[in-house]
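Here are the chains, one letter per residue:
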Amino acid sequence: MTDTSMTPAAAAPEKSSLLVQDARTRKRNAAETRFRMYGMAAIAVGLLFLVFLFTSILRSGLPAFTQTVVEIEFTLTQEQFDTAESKMLKTGEYQKIFVNALSGQLNASGLDVDFDNKAIERIVGKPGGTIRSFFLENPDRIGTPVSFELAASSRVDGYLNGRITRDTLVDSRFLMATDLDLVDALQDAGIVKGAFNWNFITGTDSGVDNPGGAGLGASVIGSFFMMLVVLFLSLPIGVAASIYLEEFAPKNRWTDLIEVNISNLAAVPSIVFGILGLAVFIQFAGFPQSAPLVGGLVLTLMTLPTIIISTRASLAAVPPSIRDAALGVGASKMQSVFHHVLPLAMPGILTGTIIGLAQALGETAPLLLIGMVGFVAREYPETFVGGFTDANSAMPAQIYTWASRADPGFYEKAWGGIIILLLFLITMNAIAVLLRRRFERRW
Amino acid sequence: MNDMRIAERKVDTNEVKIAAKDVQVYYGDNHAIKDVSVEIEDKTVTAFIGPSGCGKSTFLRCINRMNDTIDVCRVTGDIMIDGEDIYDAKVDPVQLRAKVGMVFQKPNPFPKSIYDNVAYGPKIHGLAKNKADLDNIVENALRRGAIWDEVKDRLHAPGTGLSGGQQQRLCIARAIATEPEVLLMDEPCSALDPIATAQVEELIDELRKSYSVVIVTHSMQQAARVSQKTAFFHLGHLVEYGETTTIFTNPVDPRTESYITGRIG
Ligand SMILES: Nc1ncnc2c1ncn2[C@@H]1O[C@H](COP(=O)(O)OP(=O)(O)OP(=O)(O)O)[C@@H](O)[C@H]1O
Ligand SMILES: [Mg+2]
């Protein structure tokens, strides 16, 4: 019925061609093009920062994974052993044997550099002790060629990494300019070289003056036990709380109040949780200081709001028709939630949990307050329970401690630690993505 | 006003399955169902017709207490099934819904396999003694839902991967798999092609032998084809209720007449 009245009216304006864009269309298209440009520019800026960040992290951190070593092979005869053992200064004697072997090997490669015992000590410390204890423990190796790989001092390490150059080197009792000639010669002879620094991954924190021996291993374990606590507390508590709030709780003023408070908790600075943990768990409840258990409890408090918020969001995203369908065939409320709603919300819940865990893994401030500072990570826990209760540190706290130490060698370790931390975080995010893919279903 | 007419008929027809008296439903301040009293018979197909938004779905959802899940919804009055008040404090709505099955307006299969969709109800109600028994129930339900031939080769494919009409028939199969006594169907054919519609109508006719079926429909023809009783709703009121033939050929209320002839709606 409308057709008859509409057709003449529509025909009245002058005919426009579809092949020519009118002014409005041109304007709209221009606006869209501009918007796309802004978007791409924003992404480019973001990527640029990311690339910059990663290159600087890798450049500063990778040297932490290598360790300059002095590798020397020689045979200790029974006679030399007996003589050395009969001397007063036994390790000194071994050192002499070491130096002899070193100059022998240098000469053999046709390099002739003068050096003295002191220079050797500045480069590899006092090797005599290490050599002696090796032969005392392995007497059967006397008379056979043994290859020793001794860690070079952190200054030499720095020289080979480019952290110290001839221009910046100030002669000190740690390293002299002349030593660098020796190091160069040893490097040419293949005696000084870089090796993968396993100790950085498996070791524990060293003293403030020994960056070369510092390792992240103990703190990785500390972080691991903390994450166990966080996972096993915050996942069940958070998911149970969210299911109750989202599916069962009546909507009234109380639940509104709880909701607002959970959102607020998510915004509370982490250091507040740290001081709360110190007051409640350590001072009041008497849990051991610096224990990953306490760290885990504090981080659980921090992670809970994140998990609750993301879980509720994913529960709310499940279409209500699924609940109706379940109730319609006579399922109870609980059956409808656990059989139908929860499986559909699972990818969201898992992603939220892993993101919460990743946040907790990188958290530093609250750990410092409860005493999980870097320098307590001196040894591995001996038992599984000890993993929770023995004083330990965590990766970010260890990194923080290293970064605040004076020796530039630690600076490098801090960056190296950040690489390991980032590897863990990337792995966790990858797991989150995988789980998402795995559990995702259409409805 | 119709009560008398129904009372007259009751003698020569089936016994009353569902009896509603003075039912009022409010969504917050919105009075959606006003003073509805109706007696729905056993082994009968009853059609609810009326313009969109008049409260057909709302009233249907009162019968299996699905309205309980809507926070703002409030129901007063009595609804009795077999003489028992379903809004009694002692009644567990879960138990009620096992007895009163429902097919929803929009197809809503579970995002699980076709088999699991149908098997879910019997499983939670313990209707199958073993796997073979369950397989039987599923096959039967799918056959009665007029979808068996289309899905028998892919029982373990997701139910959500079916077409809209197939999904709706799957939902019907799911509803009858639990052997309800009353089946509520909210526009079950709105997404179906004429052939599938005919199959579902045949199914409804078949179900009438053992159940009381209530069907909401926008199609006058369908109401006329499948139902024995018709109720016409308008703006929350039950305007007219009676034999389908009477309603369609000789309506008492002018509103019924104008709706049927297409003047309101
Ligand atoms: N969940 C709800 N919350 C609030 N109001 C609702 C809700 N569901 C329905 N209503 C209201 O109740 C009235 C009746 O709705 P109902 O869904 O029962 O209509 P209907 O007859 O089934 O319509 P249709 O034929 O379009 O499906 C409408 O005015 C609607 O706005
Ligand atoms: Mg409806």
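From a predicted model like this one, the values you see are computed outputs, not experimental measurements. As a convention, each chain's residues are numbered from 1 in the sequence order in which they are written. To label them, take the chains in the order written and letter them from A, then take the ligands in the order written and number them from 1. A pLDDT threshold of at least 70 governs which residues receive local features in this predicted model, and a stricter bar of 80 or more applies before side-chain atom pairs are shown or counted, although totals over entire chains, interfaces and linings include all residues. Calculated side-chain values reflect all of the structure's heavy atoms, with hydrogen atoms and water omitted.

1. A look at the sheet that holds strand S4 (residues 73-81) of chain B
Residues and elements named next belong to chain B. Note on pairing: two strands pair once DSSP finds at least 2 bridges between them. Starting at the N terminus, helices and strands are each numbered in turn, a helix being any DSSP run of H or I of at least four residues and a strand any DSSP run of E of at least two. The strand order across the open sheet formed by 4 strands is S2-S1-S4-S5, and the pairing between neighbours is antiparallel. Pairing within the sheet leaves two strands with one partner each, and these edge strands are strand S2 (30-41) and strand S5 (84-85). Judged from the 8 bridges that link them, strand S1 (residues 16-27) and S2 form a sheet pairing that is antiparallel. Among the inter-strand pairings, alanine 20 is bridged to a residue of S2, identified as valine 38.

2. Description of the coordination of the magnesium ion (ligand 2)
Each angle at a metal carrying four tetrahedral donors should ideally be 109.5 degrees, and each at a metal carrying six octahedral donors should ideally be 90 or 180 degrees. Residues and elements named next belong to chain B. At the metal site, the magnesium ion (ligand 2) is ligated by Ser57 (OG) and Gln105 (OE1), and these contacts range over 1.9 to 2.5 Å. Placement of the pair is serine 57 in helix H2 (residues 56-63) and glutamine 105 in the loop between strand S6 (100-103) and helix H4 (114-124), with a sequence separation of 48 residues. Think of it in three bands: with a 1.4 Å probe and only protein chains considered, a residue is buried below 20% of the maximum accessible area for its type, exposed above 50%, and partly exposed in between. Since its relative accessible area comes to 37%, glutamine 105 is described here as partly exposed. For Na, K and Ca the donor cutoff is 3.2 Å, while for all other metals N, O and S atoms must lie within 2.8 Å; water is not among the atoms, so some sites may look incomplete.

3. Digging into the site of ligand 1
Residues and elements named next belong to chain B. The cutoff for a nearby residue is simple: one of its non-hydrogen atoms must lie within 4 Å of the molecule or strand. Near ligand 1 you find 14 residues, and of these Ser52, Gly53, Ser57, Thr58 and His218 are the closest. Counting of polar contacts relies on pairs of N or O atoms within 3.5 Å, with two restrictions inside protein: one atom must be capable of donating a hydrogen and the other of accepting it, and residues adjacent in sequence are counted only when both atoms are side-chain atoms. One nitrogen or oxygen atom from the main chain of glycine 53 is found 2.8 Å from an oxygen atom belonging to ligand 1. Alone, ligand 1 offers 630 Å² of accessible surface; in the complex the protein occludes 65% of this. Put simply, the parts of the chain that give the shell around ligand 1 at least two residues each are S2 and H2. No other element matches the 3 residues that H2 contributes to the shell around ligand 1. The residue classification treats Ala, Val, Leu, Ile, Met, Phe, Trp, Tyr, Cys and Pro as nonpolar and Asp, Glu, Lys and Arg as charged. All others, Gly included, are polar. Considered class by class, the residues forming the shell around ligand 1 number 4 nonpolar, 8 polar and 2 charged. Only the protein chains shown count as cover for residues, with accessible areas throughout obtained via the Shrake-Rupley method and a probe of 1.4 Å.

4. Thoughts on the packing of H4(B) against helix H7 (residues 164-177) of chain B
All names here are of chain B. All axes here are fitted lines through C-alpha atoms, helices being fitted over the stretch that makes contact, and every angle between N-to-C directions spans 0 to 180 degrees. The N-to-C vectors of H4 and H7 enclose an angle of 25 degrees; their axes lie 7 Å apart at closest approach. As summarised for this structure, H4 and H7 are arranged roughly parallel, according to the angle between their axes. Once H4 is placed against H7, the crossing between them reads as right-handed. Touching Ile114, Asn117, Val118 and Pro122 of H4 are Leu170, Ala173, Arg174 and Ala177, all from H7. In terms of residue class, the contact of H4 with H7 is made up of 6 nonpolar, 1 polar and 1 charged. Roughly parallel means an angle under 35 degrees; roughly antiparallel means over 145; roughly perpendicular covers 65 to 115; every other angle is labelled oblique. Helix crossings get a hand from a simple test, with the near helix turned counterclockwise from the far one by less than a right angle marking a left-handed crossing and a clockwise turn marking a right-handed one. Contacts are assigned to residue pairs that have any heavy atoms within 4.5 Å of one another.

5. Considering helix H6 (residues 127-137) of chain A
Residues and elements named next belong to chain A. The complete set of buried residues in H6 reads Pro127, Gly128, Ile131 and Phe135. The buried residues of H6 occupy an angular sector of 100 degrees when the element is viewed end-on, so they sit on one face. Buried residues in H6 make contact with strand S1 (66-75), helix H3 (78-86), helix H4 (90-108), helix H5 (117-124) and strand S2 (145-151). Regarding the arc, it is the one traced by the directions from the helix axis to the C-beta atoms.

6. What to know about the environment of B:Lys43
Residue and element names in this part refer to chain B. Positionally, lysine 43 belongs in the loop between S2 and strand S3 (45-49). A sequence separation of 28 residues divides lysine 43 from glutamate 15, and the C-alpha atoms of the two residues are 8.6 Å apart. Among all residues touching lysine 43, those that are not within four sequence positions of it are Asn14, Arg208, Lys209, Ser210, Tyr211 and Ser212.

7. Considering the pattern of salt bridges
Residue and element names in this part refer to chain B. Just to be clear on terms, a salt bridge is a Lys or Arg side-chain nitrogen sitting within 4 Å of an Asp or Glu carboxyl oxygen. Counted by the stated rule, this structure contains 26 salt bridges over all chains. The closest approach of N and O atoms between lysine 17 and aspartate 82, which form a salt bridge, is 3.0 Å. In this pair, lysine 17 sits in strand S1 while aspartate 82 sits in the loop between S4 and S5, placing the two residues 65 residues apart along the sequence. A relative accessible area of 39% means that aspartate 82 is categorised as partly exposed. Put simply, glutamate 179 and arginine 144 hold a salt bridge, and the shortest N to O gap is 3.9 Å. Residue glutamate 179 is located in the loop between H7 and strand S7 (182-186), and its partner arginine 144 is located in helix H5 (residues 131-144); the two are separated by 35 residues in the primary sequence.

8. Some remarks on the sheet that holds strand S9 (residues 229-234) of chain B
What links the strands of a sheet is backbone hydrogen bonding, and the strands pair in either a parallel or an antiparallel sense. Residue and element names in this part refer to chain B. Taken together, 6 strands build an open sheet; the order of strands is S6-S7-S8-S3-S9-S10 and the sheet is mixed. What marks the edges here is a single partner per strand, and that holds for S6 and strand S10 (237-243). Within the sheet, the average angular offset between the axes of one strand and its neighbour, ignoring direction, is 15 degrees. Along the sheet, H7 makes contact with S6 and S7, crossing S6 at roughly 175 degrees. Strands in contact with helix H8 (residues 194-207) are S3, S7 and strand S8 (212-216); relative to S8, the strand with the most contacts, it is inclined by about 145 degrees.

9. Thoughts on the pairing of S1(B)
Residues and elements named next belong to chain B. Hairpin remark: S1 followed by S2, antiparallel, with 2 residues in the connecting loop; positive phi at glycine 28, about 60 degrees. Of the pairings in the sheet, the one linking S1 to S4 comprises 8 bridges and is antiparallel in character. Along S4, the bridge assignment pairs alanine 20 with isoleucine 79.

10. Quick word on the interface of chain B and chain A
Contact residues are listed per partner, giving 24 residues for chain B and 19 residues for chain A. Buried area is understood as the total, over both parts, of accessible area removed when two parts are fitted together, assessed with a 1.4 Å probe. Taken over both partners, the interface formed by chain B and chain A buries close to 1,800 Å², and the fraction arising from carbon and sulfur atoms is 61%. Where chain B packs against chain A, one counts 0 salt bridges. Scanning the region where chain B abuts chain A turns up 5 residue pairs in polar contact (both at pLDDT 80 or more). When residues of the side of chain B that touches chain A are traced back to their parent elements, those giving at least two are helix H3 (93-99), S6 and H4 of chain B. Here the side of chain B that touches chain A is built from residues that sort into 11 nonpolar, 8 polar and 5 charged.

11. So, the nonpolar core
Of all hydrophobic cores here, the largest spans 45 residues; its most connected members are B:Val118, B:Leu142 and B:Met185. For this core, the leading source of residues is H7(B), giving 6 residues. Apart from residues no more than four positions distant in its own chain, B:Met185 is found in contact with B:Leu60, B:Val103, B:Ile172, B:Ile204, B:Val213, B:Val214, B:Ile215 and B:Val216. Residues belong to one nonpolar core when they are buried, are Ala, Val, Leu, Ile, Met, Phe, Trp, Tyr or Cys, and are joined through side-chain atoms within 4.5 Å. One finds A:Phe65, A:Ile282, A:Leu299 and A:Met395 within the second-largest nonpolar core, a separate group that totals 44 residues.

12. Observations concerning the domain arrangement of chain A
All names here are of chain A. Domain boundaries shown here were taken from an automatic or database domain assignment. The domain architecture assigned to chain A consists of domain 1 (65-196) and domain 2 (217-439). The interface is formed by 5 residues belonging to domain 1 together with 7 residues belonging to domain 2. Both faces considered, domain 1 and domain 2 share a buried interface measuring about 470 Å² in area, 47% of it formed by carbon and sulfur atoms. Ranking the residues of domain 1 by area buried against domain 2 places Phe65, Ser154 and Arg163 at the top, with a combined share of 75%. Applying the counting criterion to the domain 1 and domain 2 interface returns 0 salt bridges.

13. Observations concerning H5(B)
Residues and elements named next belong to chain B. Along its 14 residues, H5 runs 20 Å from first to last C-alpha, staying within 8% of the 20 Å computed at 1.5 Å per residue. Along H5, the positions that sit buried rather than exposed are Leu134, Ile137, Val138, Ala141 and Leu142. Buried residues in H5, looked at end-on, bunch into an arc of 125 degrees, giving them a common side. Buried-residue contacts for H5 involve H4, helix H6 (148-151) and H7. Of the residues that open H5, the one with a side-chain oxygen 3.3 Å from the backbone nitrogen of alanine 132 is asparagine 130. Following H5 by one or two positions, alanine 146 has its phi on the positive side, about 60 degrees. For a helix, the expected span equals 1.5 Å multiplied by the number of residues minus one.

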